[in-house]
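Structural overview
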Amino acid sequence: MSNLEKVHFIIGNAIARPNIRDEIYCQICKQLSKCYNKNVYARGWILMSLCVGCFPPTDEFIKYLRNFICDGPLGYAPYCVERLRRTFANGARREPPSYLELEATKSKQLIKVTVTLMSGLSCLISIDSATTANELCKSLAGKIELKDTFGFSIYIALYDKVSSLGSGRDHVLDAISQCEQYVKGQGRQERHAAWRLFFRKEIFTPWHNCSEDPISTDLIYQQIIRGIRFGEYQCEKEEELVDIAAKHYYVKFGADVETEKGMTIVHACISDKLLKRKSPEKWCQQVTAKVKDLFISGRPNALKLEEQLVDFARMKWPLLFSRFFEAAKFSGPTLPKNQLVVAINWVGISFVDKNEKLLLKRSYLEITGVNTIRASKQYGQSVTVTTLQGEEYILTSGYAADIADLIVMFLNGLKMRSQYAVTLCSSSKQEDPIFLKYEKGDLIKLIRNEEITQDNGWIQGQNERTEKIGSLSLESVYIVPTLEKPSSEVMSLILMSPDQRRQASQNACAEVKEPEVKIKVYTLEEFSYDHFRPPAKESVSKMVLPKTRMKDRIWACSREPLKLPLLKKVYASTEMMVVACQALLPIMKYMGDYPGKLSKSGTELTDLIFSAALKEEALQDEIYCQIVKQLTANYNRYSVDNGWQLLWLCTGLFSPSNVLLPHVKRFLETHPTERLAAECIQRLNKVKRCGARKNPPHLLEVEAIQHWSTKILHKIYFPNDTDEAFEVFTSTKARDLCESITKHLKLSSAEGLSLFVQVEDKVISFPEGDFFFDYVRHVTDWVKKEKPMKDGTSVSVAYKVLFMRKLWLNVFPGRDIKADIVFHYPQELPKYLRGYHQCTKEDAIQIAAFLYKVKFNDDKSQFLNIPKMLKDLVPEDMVRMLSPEEWKKCIVAMCNRHTGKTADEVKLAFLKLLYRWATFGSAFFEVKQTSEPNFPDVVRIAINKQGVTVINPRTKVALVTHPYNKISNWCSGSTYFHMSVGSLVRGGKILCETSLGYKMDDLLTSYVSAYLATAKQKTARYLA
């Protein structure tokens, strides 16, 4: 472990487990006490410095620790005391120290970071382990003399990822530490993490005024111009973009029009995407013409134009100037999704999904209350938002307090600045003219002669109905949180009770909705009477009245997890019952009907749901019944969506039994509005026709349907270093995909071509009858089992799918040029250069000339470099046959004879030359043989269309060839390959030690199967 890894282990544990923090401090103090080794002593105080900068001790231990530190060495004592004070003030860190901190602590110096402003300028700021985003924002504001600081935040970028740290209590070095850990996860060193810090405007207040702070306005203006250039902010109309560019021209250069300056503005304001559609020159013409049009008569102040653009952006893109918080709807009116993102901006609050699709929007005018429960609960902290429409949304979020604080701040700020109030009751009859007379529901225009506080309790205002002015009690009015005059509809809603508002909202929705033709939804109720187990402790008879039956809705959605399976046949078997119950809870967790630690992302839950059913056919009906049950009478849209995703996955894996199938189809047919229903019916028919899968869904299938995509594209790699994406279905078999690729590439035949999956150093052929995703999962799961688990979680396995020639039957160079170029040449070339073929010097010179032509065509300037590139032109065992200069002379002479030939023609000539050799199209294996004393210990085995040939690797002479009709048996293991030749009476064995036995076995099986299939076809034709 490196020093940083050791520090991460110690401090990471202390951050995650507060109850061991004092123990860690005690251990460090113990090791530092009476320590006479200078190196150990110095390293101990460095560790102490890092610890006090990341987490505080308990209140009981603090005085002892502070006393110990004060008695420490002169260099570290004041340094550690100050770090401890800062940590107590700003709270414990969430991440262990970064590489930066470790290096700074060694020298007891502050850390200097560069923060880039949107104007392009950079500021160098000193920070320490406890520095928060809020402190960094204040330091920057002081340095650039920024007055209007609200809404400016720190952002951190790593590669193409950008995250907001906000301007609150988040530690800056936590984000830097996360960046370093991400870089380390990519296999690089922490010190090379290329993170960058930015200072940007994140959110506006509803009362933002550009004229208050020119520096703030200029920073926001530069941010908007930069954002438009890089596509962050997009104009719907070209005219808007040209107008912005023209004003930016004026801000930068004034009203004098020059083409060169116009081009500068075009490249500063127009995105690359738009510049591809229309040339920069044409954009320049439009911008300069607009400059002349706008500023021909007047010369406005440049700052005023900046203010106009900032206000334009604020009005046009409110969602892009929002503070975002992840949350989940715990209760409230139905939304399309329950997992949502709360976006708070100057307009109001919006609920959006993760793709920023708007689910609900409410202005501050419509928000009547915000409450938060900050105590730790089973489902986390929650915030309740009530609206004028009578809605009450309870949202659970780790940021509930932040959401509530921001909304309340905006509401209070609007009320402080509002000019309007609505009276909640009628005034009492008073003769004193100082008091304003009003009726319930009157709109009062406030006159702010003094501050509205809880202390004075009175306000002056003008009744808009009577136009009289007077004083009235704050208790008798509702100050409307708005800067504009409220509408009559809003005023009427304010005067209603919550129940009346709810009813009014429902009536409005009822008026808008058009009558729908309702289809009676089919359920498993009838099926349950014959096939479901009886409800616990109750007996159900078919003669019972329907109303009585309804209480035993075992076939309908339940939020309580079932402890027993549904089907009688599963319930009757104790073994199957245990296995079935293990799948019931994951179904509820996936749908969101049961809180659980396992994430819906990945395949952990889908594996638990489907694995047992794929092994035991009797459980397949149970899975279908469970999913359909949870979709029946389920009014939670989030749960329903997830349930349909599960049903989509299930219909691609296996079919229900003939007894259940018609009921499942009826259920699907009576849900025509569900987007996956028709697709599920098609998948059912296909799985009935093609057969069931063997393995649970692949990660690609799960991720695709979670994004509501039923189209899955998989990248296929070819031997000539190209790749293409092909559509793969759940029911696609390897044979189907081979045919599809062959057709797409316009090859003459798919014979002998095969798919391979490459995992680490293993390349394994697909059995052509296996489902594509089944076999990929089979191989990757097998590799996973061989790998050690990290922290109890399985390691992800990267893989590639290759498409190559496996069997070299009926391959004649020149018959299919596309196959020669894409497959045959790139597959044969490495074998030739490794020296596997028996090759004469003359052939080697000719082929070297071919390979030079492929690389450089007729470029003779590279002739000088031929001695340096011999390994790419000549078999490795023949390089020493001639001196480099002799090879060069021969190759150059041969190249001159082939002048004018194209690269493809030369590749074809290479293949035609190799085709003359008996080893053309062979797969070679270096093995150690123990069966034939007359052969060398290490031999080279070539498997090709002739059979299995044993070759002396030194002389390349074939020692023996066994045709396929003479091979009687073969087997392989992880360290061996055995083959029997001839009959039991007059036969022999080849015993080999090799780690590639599985490859040899598979290739031999494929060749024999191909020859048997050909023989069978000939026999059939003969008999016909």
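Residues numbered from 1 in each chain as written. Predicted model: local features only at pLDDT ≥ 70, side-chain atom pairs only at ≥ 80, totals over all residues. Heavy atoms only, no water.

**Concerning the sheet that holds strand β16 (residues 469-473)**
Strand order in the open sheet made by the 5 strands is β16-β15-β14-β13-β17, with antiparallel pairing throughout. Looking at which strands have only one partner, the edges of the open sheet turn out to be β16 and β17 (477-479). For this sheet the average axis-to-axis angle between neighbouring strands, irrespective of direction, equals 45 degrees. Note: strand β13 (residues 420-423) against β17, 3 bridges, orientation antiparallel. Each residue of the ladder has a partner; that of Val422, found in β17, is Tyr478. (Pairing = 2+ DSSP bridges. Helix = DSSP H or I, 4+ residues; strand = E, 2+ residues; numbered from the N terminus. Axes fitted to C-alpha atoms, helices over the stretch in contact; angles between N-to-C directions.)

**Regarding unusual backbone geometry**
For Tyr159, which is not a glycine, the phi torsion comes out positive at approximately 55 degrees. For Asn857, which is not a glycine, the phi torsion comes out positive at approximately 55 degrees. Since its relative accessible area comes to 40%, Asn857 is described here as partly exposed. (Buried < 20%, exposed > 50% of the residue type's maximum accessible area, 1.4 Å probe, protein only.)

**Some points on helix α7 (residues 133-144)**
An ideal rise of 1.5 Å per residue puts 16 Å on 12 residues; α7 measures up with 17 Å between its terminal C-alpha atoms. Within α7 the residues assigned to the buried category are Ala133, Leu136, Cys137, Leu140, Ala141 and Ile144. Seen from one end, α7 has its buried residues packed into an arc of 135 degrees, which puts them on one side. For α7, the exposed residues set more than 90 degrees away from the buried face come down to Lys138, Gly142 and Lys143. Of the residues one or two after α7, Glu145 is the one with positive phi, at around 60 degrees. (Expected span 1.5 Å × (residues − 1). Arc of directions from axis to C-beta.)

**Structural notes on the nonpolar core**
In this structure, Leu136, Leu140, Leu197, Phe199 and Ile224 are the most contacted members of the largest nonpolar core, which totals 65 residues. Here the element with the most residues in this core is helix α10 (residues 238-253); it accounts for 7 residues. Judged by nonpolar contacts, the second largest core, of 58 residues, contains Cys895, Ile943, Tyr964 and Val1008. (Core = buried A, V, L, I, M, F, W, Y, C linked by side-chain atoms within 4.5 Å.)

**Focus: the environment of Leu562**
Tracing the chain through its elements places Leu562 in the loop between α19 (546-549) and α20 (568-571). Residue classification places Leu562 among the partly exposed residues on the basis of a relative accessible area of 24%. In this structure, the C-alpha to C-alpha distance between Leu562 and Cys581, residues 19 residues apart in sequence, is 8.0 Å. Residues contacting Leu562, with those up to four places away along its chain left out, are Arg533, Leu584, Gln626 and Lys629. (Contact = heavy atoms within 4.5 Å.)

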